[in-house]
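A look at the structure
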Amino acid sequence: MTNGARTLYDKLWEAHLVATRDDGTSLLYIDRHLVHEVTSPQAFEGLRMAGRPLRRPEAILSVVDHNISTQNRTTEIAEETSRLQVAALVENVQAFGVPYIPLLDDRQGIVHVIGPEQGFTLPGATVVCGDSHTSTHGAFGALAFGIGTSEVEHVMATQTLPQRRSKNMRVRFEGTLPPGLGGKDLALRLIGQIGTAGGTGHVIEFAGSAVRDLSMEGRMTLCNMAIEAGARSGLVAPDEITFAYLAGRPMAPAGPLWDQAVASWKTLATDAGAAFDREVVIEVSDLAPQVTWGTSPEAVVAITGCVPDPALAASAAEREAMTLALAYMDLRPGTPMEEVTVDVVFIGSCTNGRIEDLREAAAVARGRKVAAGVRALVVPGSGLVKLQAEAEGLDRIFLEAGFEWRLPGCSMCLGMNDDRLEPGERSASTSNRNFEGRQGRGGRTHLVSPGMAAAAAVTGRFTDVRRLLEAQ
Amino acid sequence: MKPFTTLTGTAAPLLRANVDTDLIIPKQFLKTLVRTGLGRHLFSEIRYDAEGRELPEFILNQPAFRGAEVLLSGPNFGCGSSREHAPWALLDFGIRCVIAPSFAEIFFNNCFANGILPLALPMAAIQQLAEAKGPVTVDLPEQTVSAAGLCFRFELEPARKNTLVQGLDEIARSLACLPAIEAYEANRTQATPWL
Ligand code: SF4
């Protein structure tokens, strides 16, 4: 920063600096706090035990999403532990006066879908949530990151967090993304290159022509997976696309305040000449759809490629890790990805459960049938996404093709409710993690875009979505 | 929080890269309302078979390692979700120190909130510790790890070290800055009234 030029991250950081604590750590002000049922009970309990008040209840938006059924929407969740956790949130938000979107409300949905949808997420804000995919909100030029439960309690009590400054990293996606590809392919391509620890210690600003061209939803998908690259947060500088998305949202500013806000948001860009600690440039004009083959999001190949061979690994440790992953995934080196068959298709999650994602999948499903033996689920990210999709007739397209049309929630992204893979089942999933057992014990997850997931559903195997789109 | 100064105990090697939080504590155990009792579910999916029987080959099921207090692992330990259930499960099992070449950030932060020391050493040193016979001693004030004939120095930010050694209440420390928080809020209401 010798020339005084600052990155977007530098600006967000400096604007939220409250104090330097006696131990030298920086205290950062937190503007927005999203709360859900899984990572909050112990935080509320901690406040109670210490007799501490909740400093700014109105800075919180809470919702249940992880535990709930996507098949029937009654508050009587069948499973005892899930029901208790949902009940605990309802009790806590009432006791502490925290804004809450009820389970039976149309606005209910996955935290990272409803924050932007309600205009709760705004450029220039700091946004936290007891959930690693909080990085999603960085798509608006907000400094957004996931925190643990002790930190949730810390924010509740102080509206601040002690933080260490991250390093600046910029990822530029240059060129024009080919038709049929989107934010998910960019995210997977990047993680395949830099690895799941590639962004550790950094905040990644996504830039370049392909990001400028990306819709708000594509940018959210990209920032959502910044955490999968190990980064603290992802960021995209707000622009006209951002403002158009936010205008008129229930919790966004309106009237003269809107104009004042937009004028301020326009200053949220990296200055020319600002230095980054690390920069990665990826040319995307001839990118092919991406798909994972292993048990880490960095295990990525193009759909036109094959299952890699551990014999070609760079080191003994890598060879061993690959061999373990291939055994778990039951894949043989050299198998073309297009020959790998699937049992289950999951379209949804905070990565790809928004309206554009469903449109992309529906474009592939239209007039086709889910392949015999394949179970395919479409789970909208929120009640409002669901209503919008139904208004556009997407539900009909999915149902006629043989997909299941579900109620909003996290669902098979992590299978805390009753949507999960059986041991040995293989899925094409639009979620964000392919860890062992993530979607169910012994389940085998391949991460793909919504279009690629729909293509796998109708052909029964991983298929280059571009071929199906051309055929239409 | 219990202060962390020195610890002498058995070190169990789980030498794989990218041990993720789903592996440390799978989602079905996140439905708890308390911080305790998760130790028996630690590493559940690789520790027990589908019927809940212990898998004898898993390191923490072997007699010598059942009481391990230190865990040795590979790079990028704790990657994945923000679930603090991961350090809660380790702590409840009895593990108070994880030694790995690198850690995922949220997990790393969560450890300090629970009196667990996430300690970074090069993989070669970890290999040597895994092969050493007898207990491992972690001395946080001196910033050393030693075992039969071995001694390694590790780095840790002074503020982090202090938190653990003194077992400090992080929230109380931030609340000590209350005047600054109030001043910030007053200014913010003027500058960005939409927030
Ligand atoms: S959809 Fe998946 S990744 Fe997103 S918040 Fe829910 S469980 Fe977490």
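Please refer to the structure higher up on the page.
For clarity, every value in this text was computed on a predicted model and none was experimentally measured.

The next subject is the overall build of chain B. Helix and strand content of chain B: eight helices and eight strands. Along the longest, intermediate and shortest principal axes, the C-alpha atoms of chain B span 65 × 40 × 25 Å. Taking all 195 residues of chain B together, 57% fall into the buried category. Looking at chain B alone, contacts between residues at least 24 apart form 64% of all its contacts between residues at least 6 apart. Counting every atom, chain B has about 7,700 Å² of accessible surface; 56% of that belongs to carbon and sulfur. Separation of charge centres in chain B, based on 17 positive and 20 negative side chains, amounts to 3 Å.

To continue, consider unusual backbone geometry. Residue S411 of chain A is not a glycine yet carries a positive backbone phi of 55°. Turning to its location among the elements, S411 of chain A is positioned in the loop between β17 (404-405) and β18 (426-429). Positive phi, normally seen in glycine, also occurs at Q143 of chain B, with a value near 55°. Position of Q143 of chain B relative to the elements: it lies in the loop between β6 (136-139) and β7 (144-147). Judged by relative accessible area, Q143 of chain B falls into the buried class, the value being 9%.

Here we take up the site of the ligand. In the vicinity of the ligand, the contacting residues are H66, I110, H112, D131, H133, S349, C350, C410, C413, L414, N432 and R438 of chain A. For the shell around the ligand, the class distribution of residues is five nonpolar, five polar and two charged.

With that settled, consider the sheet that holds strand β3 (residues 70-73) of chain B. Residues and elements named next belong to chain B. If you walk across this open sheet you meet the four strands as β2-β3-β4-β5, and the pairing is parallel. Single-partner strands in this sheet number two, and they are β2 (11-14) and β5 (117-120). Averaged over all pairs of adjacent strands, the angle between their axes in this sheet comes to 20°, without regard to strand direction. Bridging between β2 and β3 involves four bridges; their strand directions are parallel. Counted as the bridge partner of A11 is V70 from β3. Across the sheet, helix α5 (residues 123-131) lies against β2, β3 and β4 (97-100), angled at about 130° from β3, the strand it touches most.

Let us look at the pairing of β6 of chain B. Residues and elements named next belong to chain B. Where strand β1 (residues 6-9) and β6 come together, four bridges link them in antiparallel fashion. Counterpart to T8 in the pairing with β6 is T137. Examined bridge by bridge, β6 and β7 share four bridges and lie antiparallel to one another. Bridge pairing in β7 places T137 opposite S146.

With that settled, the discussion passes to the interface of chain A and chain B. Facing the 74 residues of chain A at the interface are 55 residues of chain B. Taken together, both faces of the contact between chain A and chain B bury some 5,100 Å²; the carbon and sulfur share is 52%. Summed over the three residues of chain A that lose the most area to chain B, namely Q42, R164 and R441 of chain A, the buried surface amounts to 14% of that side. Taken together, the connections running from chain A to chain B amount to nine salt bridges. Across the pair E105 of chain B and R232 of chain A runs a salt bridge whose closest N-O atoms are separated by 3.7 Å.

Criteria and thresholds
- Residues numbered from 1 in each chain as written.
- Chains lettered and ligands numbered in written order.
- Predicted model: local features only at pLDDT ≥ 70, side-chain atom pairs only at ≥ 80, totals over all residues.
- Heavy atoms only, no water.
- Helix = DSSP H or I, 4+ residues; strand = E, 2+ residues; numbered from the N terminus.
- Buried < 20%, exposed > 50% of the residue type's maximum accessible area, 1.4 Å probe, protein only.
- Contact = heavy atoms within 4.5 Å.
- Areas by Shrake-Rupley, 256 points an atom, 1.4 Å probe, with all protein chains shown as cover.
- Lys, Arg positive; Asp, Glu negative; His and termini not counted.
- Charge placed at Lys NZ, Arg CZ, Asp CG, Glu CD.
- Near = heavy atom within 4 Å.
- Nonpolar A, V, L, I, M, F, W, Y, C, P; charged D, E, K, R; others polar.
- Pairing = 2+ DSSP bridges.
- Axes fitted to C-alpha atoms, helices over the stretch in contact; angles between N-to-C directions.
- Buried area = accessible area lost by both parts, 1.4 Å probe.
- Salt bridge = Lys/Arg side-chain N within 4 Å of Asp/Glu carboxyl O.

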